[in-house]
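# Observations on chain architecture
Chain residues, written in single-letter form:
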Amino acid sequence: MKKPKQRSHDNDKRKGGETHQTTTSGDRTLTTNQGVAISDNQNSLKSGDRGPTLLEDFILREKITHFDHERIPERIVHARGSGAHGYFQPLKNLSRLTKAGFLQDPKKPTKVFVRFSTVAGGAGSVDTPRDVRGFAVKFYTEEGNFDLVGNNIPVFFIQDAMKFPDLVHAVKMEPDRGFPQAGSAHDNFWDFVSLMPETMHMLMWAMSDRGIPRSLRHIEGFGVHTFRLVNAKDESTFVKFHWRPALGAASTLWDEAVKIAGADPDYQRRDLWQSIEDGDYPEWTLSVQAFDQATADKLDFDILDPTKIIPEEVIPLTPIGRMVLNENPVNFFAETEQIAFHPGHIVPGIDFTPDPLLQGRLFSYLDTQLSRLGGPNFHEIPINRPVCPMRNFQRDGHMRMNLQPGRVNFEPNSLDPNSPRENPMRGFASFPDPSAGPKLRQRPESFADHYSQARQFWRSMTPPEQSHIVNAFTFELSKVVTPAIRTRMLGHLDVIEPELGKRVAAAMGLEGQADEITPAVKPRDDLEPSPALSIIAKAPETIKGRTVAALVTDGSDGAAVSKLRQALKKEGAQLKLVAPKVGKLKGNGLTPDMQLDGAPSVLFDAVVALPSEEGAEALVDIAGAIDWLRDANGHLKAIGFNEAAGPMLEKAGITPDAKLGIVSLDGGRGLDSFIAAAKKHKIWDREKLMHPPR
Ligand code: HDD
């Protein structure tokens, strides 16, 4: 059921656009930016109809000048992103933990805008590279904007902001050749990380299935750093923030991700957009791991170290709120591109810790907006404006929009008793963090263990997930051409877990060639695996929000199609019809949604082949149709079929086996068992047969 639409900046956006047109002439006449009505938008002003264009043509010059400046610098990282509006609602009153106003009343929603992103690629890069996903949420609270600028991985590559430019230079395209785009499989990245043991834990996450999520609706999100919540009594509690998707986390396979990149470079942006258009709103629960100083002191790592997690089994998650994304942007540039996130945008009741990575971020984000958005007034762009009053004595600068009346632009003043004043009662007061010490450039000893949690991550994975990690390292390191980088990295993998190192070395044909790496701190062998880190172990059996495709032809059984459609709808999934031609089919009146060449099976979660006998006879000779099934099989998807599809399956090398999710729909319970198989998302037992672990 569609929820009532809530949106931020309604007035700004809609009225802004319309005022311009209606006040000009009350009609829809096209005008210049100065409001002058335009009589001809097709031809420039020339001297004679074949003559040279006149410099006088102020309309042409205004239009072209504006066009020439349409792009702004893309984000140095996280350039490729997709956003949506929505709302956040606390699950209960959280005054025990925090005085933040938006976390008090479970009946009161707060508007949000979320931007998801990949990190390495440019703004026009594809959606499905192996990469970290950014998960940035702006809460428009009545006490100011709060930005939770996180990722879909709970740890970071580095421990100190000083290394961030090096990390980003290393991962992005190499500066001489301008490639690879949106990919970490190159020498620069692996050279850097193999010289920085603190990256090992995050590398395990990035090489795991987390790096290739099924969709943005299927990612978890993390605030990464330890933050503080502060209540009205000024008591502080440490927290780690976690987002959990209502649909559960899910991933693609690497071969699938690679093929999706070609089939639909906008796969994840389109999925987010379409699900919101369909009223199937993406939803997450916000949870915290809350703990006090005494608990922090007992942990075997430093809570200020952003390369460490606190396993959920040690400190469980407490759900505190729910976020629903229910409205697409009106304009991609104005909203998704111009939104400016900053971890320093916080509100009373939330505070920082001295995590050295967070501390550096507190400088970087404000600074980057100055060059990206052109000046210090980006907070006046509608998507960035707080919903609460905003008043101070900051003045002027590029693109100042607000009219600031009066002669008084300073404080203290006696000239205007109504001008803004500081407010010790309500104003933001930093928690008096007691940490201090001598001035030095030094990493604390408590940050020195770089391998124990990487090992714990490996041991927390199911066997298929471990195989995927082996394959990902093998792929990436095989793309590296400098032998010394490969063997150095193999040395690290040996330290993380000898089995991992051996398997990757064997897969690369480099057995026994790993460098000897001596860790600063011997990795622990006694950390309990954390099942919560595995996507597969906790995957819900559901097809809610998923898309199933049926391959149909002229003469396909229309009744079977509508039965399938109904059954999927009941489960919250949808059916797309794929056919050799896009026009209405003969003999059944079905209208295909997509044509076969533009709808490879990688774009769907499960597939069904329902051709007529004649249709199947024609398709059996079409490579695209056979690949459609072959890929679905290789990508471990549930496959349903009718009797007519038999020869196609045979040609694709697929043996029907209901236990492996290859199910005939002809029998009485065929449809039920197909849906049961599709709910598994991937049939992992099939993987062992098709892609034996390396
Ligand atoms: Fe960052 C953007 C997340 C460390 C500097 N970062 C950016 C975005 C996300 C993150 C999600 C995109 C926001 C958007 O959609 O506009 N960054 C993280 C996380 C980090 C992290 C989870 C570690 C825990 N970042 C980090 C460091 C620095 C930066 C250490 C610099 C010292 N990040 C930036 C930036 C960006 C950015 C250069 C680029 C565009 C922007 O800020 O607005 O300032």
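Source: prediction; values computed, not measured. (Residues numbered from 1 in each chain as written. Predicted model: local features only at pLDDT ≥ 70, side-chain atom pairs only at ≥ 80, totals over all residues. Heavy atoms only, no water.)

For the iron atom of the ligand, the sole protein-derived donor is Tyr365 (OH), lying 1.8 Å away. Examined against the element boundaries, tyrosine 365 turns out to sit in helix 10 (residues 356–372). (Donors = N, O, S within 2.8 Å, 3.2 Å for Na, K, Ca; no water. Helix = DSSP H or I, 4+ residues; strand = E, 2+ residues; numbered from the N terminus.)

Next up on the list: the environment of lysine 138. Position of lysine 138 among the secondary structure elements: in strand 3 (residues 133–141). Between the C-alpha atoms of lysine 138 and alanine 290, which are 152 residues apart in sequence, the distance is 22 Å.

Here eight bridges tie strand 7 (residues 236–245) to strand 8 (residues 283–291), and the two strands are oriented antiparallel to one another. Along strand 8, the bridge assignment pairs histidine 242 with serine 287. Note: strand 8 against strand 9 (residues 318–327), six bridges, orientation antiparallel. Paired with threonine 285 across the two strands is arginine 322, which belongs to strand 9. (Pairing = 2+ DSSP bridges.)

Another point: the packing of aromatic side chains. By the definition in use, this model includes 22 aromatic pairs. Taking 5.2 Å as the distance between ring centres and 50° as the angle between the ring planes, the aromatic pair formed by phenylalanine 102 and phenylalanine 139 counts as tilted. With a gap of 37 residues between them, phenylalanine 102 in the loop between strand 1 (81–90) and strand 2 (110–118) and phenylalanine 139 in strand 3 connect regions that are remote in the sequence. One exposure class covers both phenylalanine 102 and phenylalanine 139, and it is buried. An aromatic cluster is built from Phe88, Phe102, Phe116, Phe135, Phe139, Phe146, Phe227, Phe241, Trp243 and Trp284, whose rings are joined through pairwise contacts. Across the ring face of phenylalanine 341, the terminal group of lysine 138 is positioned such that the distance to the ring centre comes to 5.3 Å. (Phe/Tyr/Trp six-rings, centres within 6.5 Å; stacked < 30°, edge-to-face > 60°. Buried < 20%, exposed > 50% of the residue type's maximum accessible area, 1.4 Å probe, protein only. Lys NZ or Arg CZ within 6 Å of the ring centre and 35° of its normal.)

This paragraph deals with the pattern of salt bridges. Where charged atoms from two side chains of opposite charge come close, those side chains can pair. One pass over the full model with this rule turns up 42 salt bridges. In this structure, the salt-bridge partner of aspartate 127 is arginine 80, at a minimum N-O distance of 2.8 Å. Of this pair, aspartate 127 sits in the loop between strand 2 and strand 3 while arginine 80 sits in the loop between helix 2 (58–68) and strand 1, and the two are 47 residues apart along the sequence. Here aspartate 127 matches arginine 80 in class, with each residue buried. Among the salt bridges present, the one from lysine 637 reaches glutamate 256, with a minimum N-O distance of 2.8 Å. Pair noted here: lysine 637 is in the loop between helix 17 (623–634) and strand 15 (639–641) and glutamate 256 is in helix 6 (residues 254–263), with a separation of 381 residues, a long-range link. We classify lysine 637 as buried; its relative accessible area is 0%. Overlapping salt bridges bring together Arg214, Arg217, Asp271, Asp280, Lys544, Arg546 and Asp605 as one network. (Salt bridge = Lys/Arg side-chain N within 4 Å of Asp/Glu carboxyl O.)

Taken together, 23 residues lie around the ligand, and Arg75, Arg115, Arg361, Tyr365 and Gln369 are the ones closest in. A distance of 2.7 Å separates an oxygen atom of the ligand from a polar atom in the side chain of arginine 115. For the ligand, an oxygen atom lies 2.9 Å from a polar atom in the side chain of glutamine 369. The greatest single-element share of the shell around the ligand, amounting to seven residues, is contributed by helix 10. Its residues placed into classes, the shell around the ligand shows eleven nonpolar, nine polar and three charged. (Near = heavy atom within 4 Å. Polar contact = N/O pair within 3.5 Å; in protein donor to acceptor, adjacent residues only side chain to side chain. Nonpolar A, V, L, I, M, F, W, Y, C, P; charged D, E, K, R; others polar.)

Of the residues making up helix 14 (residues 498–508), those classed as buried are Leu500, Gly501, Arg503, Val504, Ala505 and Met508. Elements in contact with the buried residues of helix 14: helix 5 (200–206), helix 11 (452–460), helix 12 (463–479) and helix 13 (483–496). Positive backbone phi, at 75°, marks glycine 509, one or two positions downstream of helix 14. (Contact = heavy atoms within 4.5 Å.)

Glancing now at the domain arrangement of the protein. The assigned domain composition of the protein is domain 1 (47–188 + 212–230 + 244–251 + 266–288 + 314–384) and domain 2 (547–690). Computed over C-alpha atoms, the centres of domain 1 and domain 2 are 37 Å apart. Facing the six residues of domain 1 at the interface are seven residues of domain 2. Summed over both sides, the interface between domain 1 and domain 2 buries roughly 410 Å², with carbon and sulfur atoms accounting for 34% of that surface. (Domains from an automatic or database assignment. Buried area = accessible area lost by both parts, 1.4 Å probe.)

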